[in-house]
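# Structure assessment
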Amino acid sequence: MDTFLIQLLSETEALLAEGEFHHCIEVLRYKAGDQITGIDGNGGWYLLKIASIQKKTASLEILETKWQFNE
């Protein structure tokens with residue numbers, strides 16, 4: 001499973017980070033409903049489902065927090 005940089009919106013929602021959308025959706029051709037893993041750049045690693053795809057971004061549903069670094 002591929003891993004992408006994400007932007008957290010809440011405990012249950014995230015977006016693909018800018019620049020990740022092209023690779024995930026247009027190159028690898030992931031579709032709504034597919035599962036991916038994501039990292040947030042702050043130590044978090046998440047199991048995600050692509051909830052919806054818009055023109056330049058994709059909304060993600062957080063299914064599970066696999067690992068969270070806490071300082």
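The structure this text deals with has already been given above.
Residues numbered from 1 in each chain as written. Predicted model: local features only at pLDDT ≥ 70, side-chain atom pairs only at ≥ 80, totals over all residues. Heavy atoms only, no water.

### Description of a nonpolar patch on the surface
Definition in use: Put simply, a patch holds well-exposed residues, over 30% relative accessible area, that have no salt bridge, with like charges counted together within 9 Å and Val, Leu, Ile, Met, Phe, Trp or Tyr side chains within 5 Å. Surface accessibility in these figures is a Shrake-Rupley result with a 1.4 Å probe; residues are shielded only by whichever protein chains are displayed. The salt bridge criterion pairs a side-chain nitrogen of Lys or Arg with a carboxyl oxygen of Asp or Glu, the two atoms within 4 Å. In this text, helices come from DSSP runs of H or I with a minimum length of four residues, and strands from runs of E with a minimum of two, each type numbered from the N-terminal end. Remark: exposure states derive from per-residue accessible area (1.4 Å probe, protein chains only) relative to the maximum for the residue type, with buried under 20%, exposed over 50%, and partly exposed in between.
There is a patch of nonpolar side chains on the surface, built from L5, I39, W45 and W67 and spanning about 390 Å² of accessible area. Along the chain, I39 falls in strand β3 (residues 35-39). Taking relative accessible area as the criterion, I39 reaches 38% and is therefore assigned partly exposed.

### Examining the nonpolar core
As a reminder of what qualifies: Here, nonpolar core refers to any group of buried Ala, Val, Leu, Ile, Met, Phe, Trp, Tyr and Cys residues whose side-chain atoms link them within 4.5 Å. In this description, contact between two residues means that some pair of their heavy atoms is separated by no more than 4.5 Å.
Counting residues in each nonpolar core, the largest one holds 15 residues, and the members touching the most others are L16, C24, I36, I50 and L60. Those elements that place two or more of their residues in this core are β1 (3-8), β2 (13-16), α1 (20-27), β4 (45-53) and β5 (58-67). The residues touching L16, leaving out its near neighbours within four places in the chain, are F4, L5, F21, C24, I25, I36, T57, A58 and L60.

### Here's the deal with the pattern of salt bridges
All chains considered together, the criterion is met by one salt bridge. One salt bridge connects E61 with K49, and the closest N-O pair in it is separated by 3.7 Å. Highlighted residues: E61 in strand β5 and K49 in strand β4, separated in sequence by 12 residues. For K49, a relative accessible area of 29% puts it in the partly exposed group.

### A word on the packing of aromatic side chains
Test applied: Each aromatic pair joins two rings of Phe, Tyr and Trp (for Trp, the six-membered one) with centres within 6.5 Å, and gets the label stacked for planes under 30 degrees apart, edge-to-face for over 60, and tilted for any other angle.
Applying the stated rule across the entire model yields one aromatic pair. Judged by centre distance (6.0 Å) and plane angle (85 degrees), the rings of F4 and Y30 are edge-to-face. Residue F4 is located in strand β1, and its partner Y30 is located in the loop between α1 and β3; the two are separated by 26 residues in the primary sequence. Taken as a pair, F4 and Y30 share a single burial class, namely buried.

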